[in-house]
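Results of the structural survey
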Amino acid sequence: MGRVGVLLLNLGGPDELEDVRPFLYNLFSDPEIIRLPVSWLQKPLAWLISTARSRKSQENYKQIGGGSPLRRITEEQARALKQQLEAEGQDARVYVGMRYWHPFTEEAVVRIKRDQLEKLVILPLYPHFSISTSGSSFRILERIWQKDPALQKIPYTVIPSWYDEPAYLQAMANLIAQELDKFSQPEQVHIFFSAHGVPLSYVEEAGDPYQYEIEECTRLIMETLNRPNDHTLAYQSRVGPVEWLKPYTEEAIENLGKQGVKDLLVVPISFVSEHIETLQEIDIEYRELAEASGIENFHRVPALNTDATFIQALTNCVENALESPDRGFAEVTPLKKNLKMYPQERWEWGMTTTAEVWNGRLAMLGFVALMIELISGAGPLHFVGLL
Ligand SMILES: C=CC1=C(C)c2cc3[nH]c(cc4nc(cc5[nH]c(cc1n2)c(C)c5CCC(=O)O)C(CCC(=O)O)=C4C)c(C)c3C=C
Ligand SMILES: [Fe+2]
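Computed from a prediction, not measured in an experiment: that's the story for all the values here.

Rules of the game
- Residues numbered from 1 in each chain as written.
- Chains lettered and ligands numbered in written order.
- Predicted model: local features only at pLDDT ≥ 70, side-chain atom pairs only at ≥ 80, totals over all residues.
- Pairing = 2+ DSSP bridges.
- Helix = DSSP H or I, 4+ residues; strand = E, 2+ residues; numbered from the N terminus.
- Axes fitted to C-alpha atoms, helices over the stretch in contact; angles between N-to-C directions.
- Contact = placed C-beta atoms within 7 Å.
- Near = placed C-beta within 6 Å.
- Nonpolar A, V, L, I, M, F, W, Y, C, P; charged D, E, K, R; others polar.
- Domains from an automatic or database assignment.
- Core = buried A, V, L, I, M, F, W, Y, C linked by C-beta atoms within 7 Å.
- Buried ≥ 20, exposed ≤ 12 C-beta atoms within 10 Å, placed from the backbone.
- UniProt positions renumbered as here; feature names shortened; annotations may be inferred.

**Details of the sheet that holds strand β1 (residues 4-10)**
Strand order in the open sheet made by the four strands is β2-β1-β3-β4, with parallel pairing throughout. Looking at the sheet topology across the chains shown, the edges are occupied by β2 (92-98) and β4 (156-158). Between one strand and the next, the sheet's axes are offset by a mean angle of 20°, whatever the strand orientation. As paired strands, β1 and strand β3 (residues 119-124) are joined by six bridges and run parallel to one another. Residue V4 lies in a different strand from β3, and its bridge partner there is K119. Packed on one face of the sheet, helix α12 (residues 308-323) meets β1, β3 and β4 and runs near 135° to β3.

Set out below in structure tokens:
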């Protein structure tokens, strides 16, 4: 095989505090993150939520050094993967495409077009598929591909998820075993898997396979670990007023405290890199909660980052994809049983440009003006009309 490209997909994170608001705006502009019945509300609402949330979110990023480490770690993973693929005889280029911050997916695609690849493998850095993560990135890519005949000439294959890849399970089990053995009585430790949550409606109404894949992955990791410890799976990082997957991590930690658990080992599952939800939410917020709930020893398993067995797992995913029949964007999501797709036009979002940010602000102003007009009967539009 000639030159192979691997596009690693991830969410992205603000590099500095001043990036937090535009990053959040991009995130909440995505209809896979906030699903609304009408698309015209998306941008004004994104503007409103990102503005309202940015101060609190900035405080959290301040606590972990003033920005997300996600870009640095993802780029390190890309370099390590390239090295391992080359060690196995592939002439490989590895690209990073983030969904909501730099380097954006669109930037990676520009580089892919320049490199004259014989084959491209699209590999999300999310082991489990969710509409809100890999699904959202696939849609953006599908849209870019549809518009670009040069890209259509590159044979490509998409990996929808890889939570059952044996080297990944082994890497997770190794890290858990290492941390367990630091406790004075390792067999007494309660292993607590904490996954990023999604709204319940994603699973129940849209058929997102995320919950199934997380549960199955937890079972497979425990099987690979082969230790007698009790374990719990719960979901963290809830946003907004709707119901999310349960049990919620906060409630589960409090309940374990009440049940008399003294030693807790938290395993971040669904993340393969350190980021705000491991470094701030688990290490700071959940640690405080655990201590207040009577848990005496609270430890966390580090994220995989550039762990050698994990990089081997990514390499295996690429090698297996190269040996299997190609899968296009259209094939991967319907592969997941029961997944009802949204109508095509609901996915029509790409990288947010400055112009779009201003459109969002103007639309919001218009929306507020209309509301005042409707409520008071003599708002700003009334006076514009008089002029
Ligand atoms: C598997 C991983 C993830 C899922 C599923 C997911 C769904 C999801 N996330 C939000 C809202 C936010 N996510 C934020 C940051 C963030 N989320 C993930 C992963 C998943 N999200 C990552 C890797 C990051 C980046 C972290 C970093 O280090 O910067 C944020 C911003 C941070 C904050 O303000 O809390 C929000 C908001 C929703 C609504 C959702 C499912 C619908
Ligand atoms: Fe998230």
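Moving on from the model shown.
**So, the site of ligand 1**
Within the structure, ligand 1 sits among 20 residues, and G13, S57, S68, H196 and H275 are positioned closest to it. Only α2 (42-63), α5 (131-147) and α11 (276-292) provide two or more residues apiece to the shell around ligand 1. Its residues assigned to classes, the shell around ligand 1 comprises nine nonpolar, nine polar and two charged. Looking at which domains feed residues into the shell around ligand 1, each of domain 1 (4-163 + 307-331) and domain 2 (169-300) gives three or more.

**Quick notes on the nonpolar core**
Formed by 98 residues in total, the largest nonpolar core has its most connected members in V6, L7, L8, I122 and L123. Two domains share this core, each providing at least three of its residues, namely domain 1 (4-163 + 307-331) and domain 2 (169-300). Apart from residues no more than four positions distant in its own chain, I122 is found in contact with L7, L9, L141, Y156, V158 and I159.

**Thoughts on the domain arrangement of the chain**
For an interface, size is often stated in terms of accessible area lost upon the parts coming together. Domain annotation of the chain identifies domain 1 (4-163 + 307-331) and domain 2 (169-300). Inter-centroid distance (C-alpha atoms) of domain 1 to domain 2 is 24 Å. Elements with a minimum of two residues in the side of domain 1 that touches domain 2: α2, α3 (70-87), α5 and α12. Taken together, the residues that form the side of domain 1 that touches domain 2 break down as 13 nonpolar, 10 polar and one charged.

**Let's talk about the UniProt feature "binding site: Fe(2+)" (unreviewed entry) in the chain**
Per the UniProt record, "binding site: Fe(2+)" (unreviewed entry) is found at H196 and E277. These annotated residues cover 82 residues of sequence, and their C-alpha atoms lie no more than 8.4 Å from one another, placing them together at a single site. Here H196 lies in strand β5 (residues 190-196). Judged by local crowding, H196 falls into the buried class, with 25 C-beta atoms found within 10 Å. Excluding residues that lie within four positions of it along the chain, H196 makes contacts with Q236, S237, S270, F271 and E277. Looking at the element boundaries, E277 is found in helix α11. Overall, E277 belongs to the buried group, with 20 C-beta atoms counted inside 10 Å. Not counting residues within four places of it along the chain, the set of residues in contact with E277 comprises H196, Q236, S237, F271 and I282.

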